[in-house]
Number of protein chains: 2
Amino acid sequence: MNTSFLQKSYEGNRSASLKKDIIRLLVIGGNYSITDISKEMNTSVPTITKLIVELISESYVLDFGKQGTNGGRRPNVYGLNPDAGYFAGVDISKDFISMGVINFKGEMNEFVGNREFVMENTIESLDSLCSIINSFLNKLSIPRDKILSLGVNLSGRVNSESGYSYSFYFLGEKPLSMLIEERVDCPVYIENDSRAMTYGEFMMGSDSHVKNMIFINASWGLGIGIIMDGRLYYGKSGFSGEYGHFPFFDNEIICRCGKRGCLETGVSGSAIHRMFTERLKEGRVSMLSGKFNNGLEITLEDIMDALQKEDVLAIEIIECVGNEMGKAISGLINLFNPELIVLGGTLAAAKEYIMLPIRSAINKYSLILVSKDTKLKLSRLGEKCGVTGACMLVRSKTLGLL
Amino acid sequence: MNTSFLQKSYEGNRSASLKKDIIRLLVIGGNYSITDISKEMNTSVPTITKLIVELISESYVLDFGKQGTNGGRRPNVYGLNPDAGYFAGVDISKDFISMGVINFKGEMNEFVGNREFVMENTIESLDSLCSIINSFLNKLSIPRDKILSLGVNLSGRVNSESGYSYSFYFLGEKPLSMLIEERVDCPVYIENDSRAMTYGEFMMGSDSHVKNMIFINASWGLGIGIIMDGRLYYGKSGFSGEYGHFPFFDNEIICRCGKRGCLETGVSGSAIHRMFTERLKEGRVSMLSGKFNNGLEITLEDIMDALQKEDVLAIEIIECVGNEMGKAISGLINLFNPELIVLGGTLAAAKEYIMLPIRSAINKYSLILVSKDTKLKLSRLGEKCGVTGACMLVRSKTLGLL
DNA sequence: ACTAATTAATAAAATATATTATTAACTATA
DNA sequence: TATAGTTAATAATATATTTTATTAATTAGT
C-alpha cells in the first residue's frame, strides 16, 4: 500500500504522481508551506497535507517548523530531507576527471576536481576509471548504499536512454552504462557532457525562471545544450547539440570527426591550441616560447594560464576565436530566440577576453530585435559545472522528474 | 454550471481540463471509443462517459455510432462535430495571398490560392487586405458567426502572443492583430509564416508520431519552424526560426536585413532570382533569355516554371543552391538530431532537382550517426501549406490546445 | 493587554471519481 | 444455431478529493 513513489509503475496512480510533483516543486523551489504547495499544484490543502505526512514518514521530506510571515498564523515549511539519499557524478574530459556527490536537496557535499586521467577506448581504461570512482565513493563519509545513483558525463555521441556511448568507450555489445554499473554496483546513467553541464547551470543558475536557454560548452571541442520551455532537449537519439560539427568554415582543416569546415576547427580549445602552436612555429613570441622551444608539449591549460598573465599572443588568439564564436552564437540567437546564453567550459575561464569579442560579433551578426531578448553570461559553476550537472541530472532521472 | 470548456478560466477545474484533453485527443487522433479515450487519458470509463455526454450536448462532439471490431461488443465511436465551428486562415507572401477555411474537425472546406496582392507598410494596404479577407469570408456558405477565429501568416518577426508584427505592417501603437480584428470583426491571431507552415505539416503529415521535426520554408526568404517533443517552439518572443539570417557565408551580398553573409543571400528564392538574372546578364542562355532581353522582369515563379521545363540554367542554379542548402540542413541535423526534416515553400516545387543535391550534401557534411536518424521529405501540403497551418494553428490557439 | 484582521490547520460534509459487478452486444467455432 | 469467449456499457458500491465550516495561531492597531 505505502509504496515509495520511486518504485513501481505509477501509471494512473494519482497519489504517487502528486508526490512526484511535490518533490519536483521542492527540488526546484526549495522549502514550501502546505498552503503554497496547494496553490502551486491546484490541489486542496487536505490532500497535500496527507501526501506530505506520507512523504515525511517515507523520510523524503522534513518539517522545518514555523516560518516568519507578514500577518496571520505562521505556516510550517517543508523541504527535502538532505539525508534521504545521495547522488554521485563523474565528469570525464580529455585529460581529467572530476567527481562529486550531492545530497537529496542538491547541495554538493564532496568534490574532487581535475584528477588526471587519460581515457582510452579499452576495457582496461574503463576498469581503471571505475576503480577511481569506487575509491572516491568508498572514501566518503556517506554509507555506500545511500548513494542512489551515479551520473557519468562523456563527450561525443551519447544515448542516455539506451546507455550507449558511440564516441568514447564504445566497447561492443553491452551498453556502457551497464558496463559501469557492473563495476560500481549502483544504477548508472551516462550523459553527454554538454547536456549535463547545461542542466547544472539551468538548475543552479541565478535566472531560475528562464525557460529558454542555450549553454555553450567551449572546451577542447564545442558542444551546446538546449533548454526549451523549461525542459532539457535531447533529440531523437540524444545526439542534439553537436554544434561543433556545424559546417561553418570554408577551411581545409580536418576535424576529429573526419569532416572539414566544422565550427570546432575554428572555435574551440583545440582550435586555440592549434593556432597557438602554429604561431609559435612561425616564430611569434609568447611567454610559452621557452617551453615550446625546449620541445615540450604546450597544453590548452598552459595557454589559458598565459592568458591570465596577459600573454599577448594568447590574448590575440582568444580575441580572434571569440569573434568567430560570437558569429556562431549569433546564428543560435537567430535560430532559438533564447532568453539566456551561458558560456561555460574551459574557454569560459578567459572571461572578458573572450566575452568582449563575442558581444561585439553578436551586435554585428544577429538580428537586433532578436538578440536584444538575449542575455549572455559566463557560467556560474565554472569547473564544477560538469559534476554539478551530472549529479543534478542523475537525481532528476532517478526521481523521474524529467 | 455547464460552462463551455472554451470560456472562463478553468484553473483547477478538472472537468474542463479533461474536456480539453478529450478535444485535443480527437483533434490529433480522429475518432475514438470511450474505452480508448479512457485508456489514453488514464481516466475511468464512467468519467469519460459523463464528459462525452456533456461535450455532445454542447455540440462539440458527435456520436458516430458503432464501429467494426475484432471480437466483442462493438463500441460507439465519437469524434469532433465538423460543424461546431470554423477557422479561417490567411497566408501572406511577397506577392500573393492565399486564404482558406477549415471545419472543427480540421477538414479544409474552402481554399483560394495565390491571389495577387502586393503588401505595403501602409494602413491603406492593410485596409485593402482586410477587405479581401472580408469578401472571401462573406462569400462562404458558412454563416459568419460560425467562424470562430482567423489566423494570419506573415513573414519576418512576429510576436503572436502580443500580436505585434515587426517586419511587415508595423504601423505604430496598436498590435497588428488588433488592427485586423477591428476590420474583420472576429478574433485574430497573427503568426510567423514558417511556424504556421510547420504546424500545418506537423498536424497533417503522414508521420503523425514524429515528436521532433524541423520544417524548412524555402520561399523568397528562408525560415524554419521547430517542433520539439511534440510542441511548437516559439522562443522568448516568438522570433525563433530565423535561419535565413544565420551568418553562413563569407560573401559581400547585403541581405534585406541589412547584414551580410546571411544564409538567405545564398540559399533562398531571392538568391536563386539574383543568381539567375546575374547569369542572364553575363550572357548565359535560358528559355527565359527572350523575356529578359525584352526588358521584362523575370520572377521567381518564371524560374520555377522554367525548371519544370528542364531549363538548363535553372537546373544548374537550383543544384548549386541545393548543395548549400544541404550543408545548412546538415548543421540543423547536428544541432537538433531531429526525426524528420520537411522541405516546403516555393522552392519545394523543385522536387528532386533540389532534393538530390541536398541529400548528397547531408551525407558530406553531417555526422552520420546523427543524420541516419533523420528522414528528409518534401512537404505534403504544397501551396496549401501556409493556409492549412494558419487554420490548424488558429484552431489550436482558440481551443487552448497548445 | 485587548480586539479585529489575517492566515494556517483541521474536521465534517459534500462531491467527484474509480472499482467492481452486472448486463449487453457482438464474434468465432463447434 | 447454440455456446463460449470477448469487449462495451451501465449500475452499484467504494474510495478519493474538494468544499465549507470551525478552530488555532499569529500580527497590527487601539
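Residues numbered from 1 in each chain as written. Chains lettered and ligands numbered in written order. Predicted model: local features only at pLDDT ≥ 70, side-chain atom pairs only at ≥ 80, totals over all residues. Heavy atoms only, no water.

Digging into the overall build of chain A
Condition: The secondary structure listing takes helices from DSSP runs of H or I that are at least 4 residues long and strands from runs of E that are at least 2 residues long, numbered from the N terminus. To get the radius of gyration, use the C-alpha atoms; to get the globule rule, take the number of residues to the power 0.38 and multiply by 2.2 Å. Exposed residues in this analysis have more than 50% of their type's maximum accessible area, buried residues have under 20%, and partly exposed residues fall in between, with area computed by a 1.4 Å probe over protein chains only. The protein chains shown are the only cover counted for residues, whose accessible areas, like all others here, come from Shrake-Rupley with a 1.4 Å probe.
The helix and strand tally for chain A stands at 13 helices and 15 strands. For 402 residues, the compact-globule estimate of 2.2 N^0.38 gives 21 Å, and the C-alpha radius of gyration of chain A, at 23 Å, lies within 12% of that figure. When its C-alpha atoms are laid out on the principal axes, chain A stretches across 75 × 55 × 40 Å. A buried classification covers 56% of the 402 residues belonging to chain A. Carbon and sulfur atoms make up 50% of the accessible area of chain A, which totals about 16800 Å².

Describing the packing of helix α6 (residues 193-204) of chain A against helix α13 (residues 385-399) of chain A
All names here are of chain A. We count it as follows: Lines fitted to the C-alpha atoms define the axes, with helices restricted to the stretch that makes contact. Angles between their N-to-C directions range from 0 to 180 degrees. In this scheme, roughly parallel covers angles under 35 degrees and roughly antiparallel covers those over 145, while 65 to 115 is roughly perpendicular and the rest are oblique. Here a residue-residue contact requires only that any non-hydrogen atoms of the pair lie within 4.5 Å. Residue polarity follows a fixed list, in which Ala, Val, Leu, Ile, Met, Phe, Trp, Tyr, Cys and Pro are nonpolar, Asp, Glu, Lys and Arg are charged, and the others, Gly among them, are polar.
The geometry of α6 relative to α13 is characterised by a closest axis approach of 7 Å and an angle of 80° between their N-to-C directions. It follows that α6 is roughly perpendicular to α13 by the angle criterion. Together, Ala196, Met197, Tyr199, Gly200, Glu201, Met203 and Met204 of α6 and Cys385, Gly386, Thr388, Gly389, Ala390, Met392, Leu393, Arg395 and Ser396 of α13 make up the contact between the two elements. Residues of the contact of α6 with α13, tallied by class, amount to nine nonpolar, five polar and two charged.

Quick look at the protein's contact with DNA strand D
Filter applied, for reference: By convention in these notes, a residue is near a molecule or strand provided one of its non-hydrogen atoms lies within 4 Å of it. Counting of polar contacts relies on pairs of N or O atoms within 3.5 Å, with two restrictions inside protein: one atom must be capable of donating a hydrogen and the other of accepting it, and residues adjacent in sequence are counted only when both atoms are side-chain atoms.
As a structural note, the neighbourhood of DNA strand D is formed by 18 residues, with A:Ser44, A:Thr47, B:Gly72, B:Arg73 and B:Asn76 the closest of them. Taking the atoms of DNA strand D that fall within 4 Å of the protein, sugar and phosphate contribute 70% of them. A:Thr47 places a polar side-chain atom, nitrogen or oxygen, 2.4 Å from a phosphate oxygen of DNA strand D. Ranked by the residues each element gives to the surface near DNA strand D, the list is headed by helix α3 (residues 45-57) of chain A, at three residues.

Some remarks on the state of the cysteines
Under the convention used in this document: Two cysteine sulfur atoms make up a disulfide if the distance between them is within 2.5 Å.
Taken as a whole, this structure holds zero disulfides over all chains when the rule is applied. Its sulfur unpaired, B:Cys320 is 17 Å from the next cysteine sulfur, which belongs to B:Cys255.

As for the domain arrangement of chain A
How big an interface is tends to be stated in terms of accessible area lost as the parts join. The cut-off we apply is this: Domain start and stop positions are those given by an automatic or database domain assignment.
Splitting chain A by domain gives domain 1 (14-80), domain 2 (84-198 + 386-399) and domain 3 (208-379). Look at where the C-alpha atoms of domain 1 of chain A and domain 3 of chain A centre, and you get two points 43 Å apart.

What to know about the pattern of salt bridges
Residue and element names in this part refer to chain A. Which entries qualify depends on this criterion: Salt bridges are counted wherever a side-chain nitrogen of Lys or Arg sits within 4 Å of a carboxyl oxygen of Asp or Glu.
Here the structure, examined in full by the defined rule, presents 38 salt bridges over all chains. A salt bridge links Glu191 to Arg195; the nearest nitrogen and oxygen atoms lie 2.9 Å apart. For the pair Glu191 and Arg195, one class covers both residues: buried. By sharing partners, the salt bridges in this structure join Asp127, Lys174, Glu182 and Arg183 into a single network.

Quick word on the protein's contact with DNA strand C
Within the structure, DNA strand C sits among 17 residues, and A:Gly72, A:Arg73, A:Asn76, B:Ser44 and B:Thr47 are positioned closest to it. When atoms of DNA strand C within 4 Å of the protein are split into backbone and base, the sugar-phosphate part holds 73%. A:Asn76 is positioned such that a nitrogen or oxygen atom in its backbone is 2.9 Å from a phosphate oxygen of DNA strand C. Within the backbone of B:Arg73, one N or O atom sits 3.3 Å away from a base nitrogen of DNA strand C. At three residues, the largest contribution of residues to the surface near DNA strand C is made by helix α3 (residues 45-57) of chain B. In terms of residue class, the surface near DNA strand C is built from three nonpolar, nine polar and five charged.

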